[in-house]
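# Coordinate analysis (summary)
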2 protein chains.
Amino acid sequence: MTRIYIDKLPEPPYYAVIFSSKRSQNEKAYRDSINDMLTLAAEQPGYLGTERARDPDGFGITVSYWSTLEAFTAWSQIAETFIARASGKEKWFDFYELRITRVERAFSMGRPR
Amino acid sequence: MTRIYIDKLPEPPYYAVIFSSKRSQNEKAYRDSINDMLTLAAEQPGYLGTERARDPDGFGITVSYWSTLEAFTAWSQIAETFIARASGKEKWFDFYELRITRVERAFSMGRPR
């Protein structure tokens, strides 16, 4: 279970970036780079946390949370440079979709770990 | 890979409901009921699609997409009745979090299947 800094989430509104992807065969390169990216994200102003889950067939959903749209935009520019340097996203994913969303309401049940 | 009706997504704005959960031990009951719920969701006005991924340890993210907030709200009332009848959400999840978000921008790479 991957939930990073997720206990810090404030009351809405804040921003959630939904990244849906099908991983390519090149799993090792992907995994190393994504971990580096998450480490880098955690250093950014306005970063609130990340959670992700992935099916055994390689389809996964990663949601990162940001205090403002500006915080995510600043991060996305750093991420693009990182991805370009790490030899190109085309090699990591068969496809991906990125959706920038504004969290309006939130509910929970039970105690997140 | 679970992506249901996801090819029908329109241009933003639309709504994304992010459901993060840790599944309880009662896996069979959960699985049957969730499949019934997704079948029911697909019949609702304003339903655009669902995607979900789950780690082997039971942590998963399900995102359902809706044309309007009203469409999701109407569905959530049906879903609550369904869950109550299907013997209580507490038995399916160790915890869950639900976030209602408004999709503001979307990008993609490659061809979703």
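Predicted, not measured: the structure shown is a model, and the values here were computed from it.

### What about the relation of the copies chain A and chain B?
Overlay of chain A on chain B (RMSD 0.0 Å): rotation 180 degrees, translation along the axis 0.0 Å. One copy is carried onto the other by what is essentially a two-fold rotation axis. Same-surface contact between copies: 100% of interface residues of chain A are shared with the interface of chain B.

### Regarding the confidence of the model for chain A
Residue and element names in this part refer to chain A. For chain A, the average pLDDT comes to 85, and 90% of its residues sit at 70 or higher. Between the elements of chain A, mean pLDDT differs from a low of 78, seen in helix H1 (residues 27-41), to a high of 95, seen in strand E4 (residues 59-66). Overall fold confidence (pTM) sits at 0.89, and the ipTM for the predicted complex is 0.88.

### Notes on the side chain of Glu-51 of chain B
As for its placement among the helices and strands, Glu-51 of chain B is situated in strand E3 (residues 47-54). Of the polar contacts made by the side chain of Glu-51 of chain B, one reaches the side chain of Tyr-65 of chain B; its length is 2.7 Å. With near-sequence residues (within four places) excluded, Glu-51 of chain B lies in contact with Ser-20, Phe-59, Ile-61 and Arg-99 of chain A together with Thr-2, Arg-3, Ile-6, Ile-61, Thr-62, Val-63 and Tyr-65 of chain B.

### Focus: helix H2 (residues 69-85) of chain A
Residues and elements named next belong to chain A. Over its 17 residues, H2 runs 25 Å from end to end, which matches the ideal 24 Å to within 8%, given 1.5 Å per residue. Listed in full, the buried residues belonging to H2 are Ala-71, Phe-72, Trp-75, Ser-76, Ala-79, Phe-82 and Ile-83. The buried residues of H2 occupy an angular sector of 130 degrees when the element is viewed end-on, so they sit on one face. Facing away from the buried side of H2, by more than 90 degrees, are the exposed residues Glu-70, Gln-77, Glu-80, Ala-84 and Arg-85.

### Regarding unusual backbone geometry
Across the junction of Pro-12 of chain A and Pro-13 of chain A, the peptide omega takes the value 5 degrees, indicating a cis bond. Within the secondary structure, Pro-13 of chain A is located in the loop between strand E1 (2-4) and strand E2 (14-23).

### As for the side chain of Ser-20 of chain B
Of note, Ser-20 of chain B is situated in strand E2 (residues 14-23). Reaching out from Ser-20 of chain B, the side chain makes a polar contact with the side chain of Glu-51 of chain A at a distance of 2.6 Å. Sequence-distant contacts of Ser-20 of chain B, that is, excluding residues within four places in its chain, are made with Arg-3, Glu-51 and Tyr-65 of chain A together with Phe-59, Gly-60, Ile-61, Phe-95, Tyr-96, Glu-97 and Arg-99 of chain B.

What counts as what
- Residues numbered from 1 in each chain as written.
- Chains lettered and ligands numbered in written order.
- Predicted model: local features only at pLDDT ≥ 70, side-chain atom pairs only at ≥ 80, totals over all residues.
- Heavy atoms only, no water.
- Least-squares fit on C-alpha atoms with pLDDT ≥ 70 in both.
- Contact = heavy atoms within 4.5 Å.
- pLDDT = per-residue confidence, 0-100.
- Helix = DSSP H or I, 4+ residues; strand = E, 2+ residues; numbered from the N terminus.
- Polar contact = N/O pair within 3.5 Å; in protein donor to acceptor, adjacent residues only side chain to side chain.
- Expected span 1.5 Å × (residues − 1).
- Buried < 20%, exposed > 50% of the residue type's maximum accessible area, 1.4 Å probe, protein only.
- Arc of directions from axis to C-beta.

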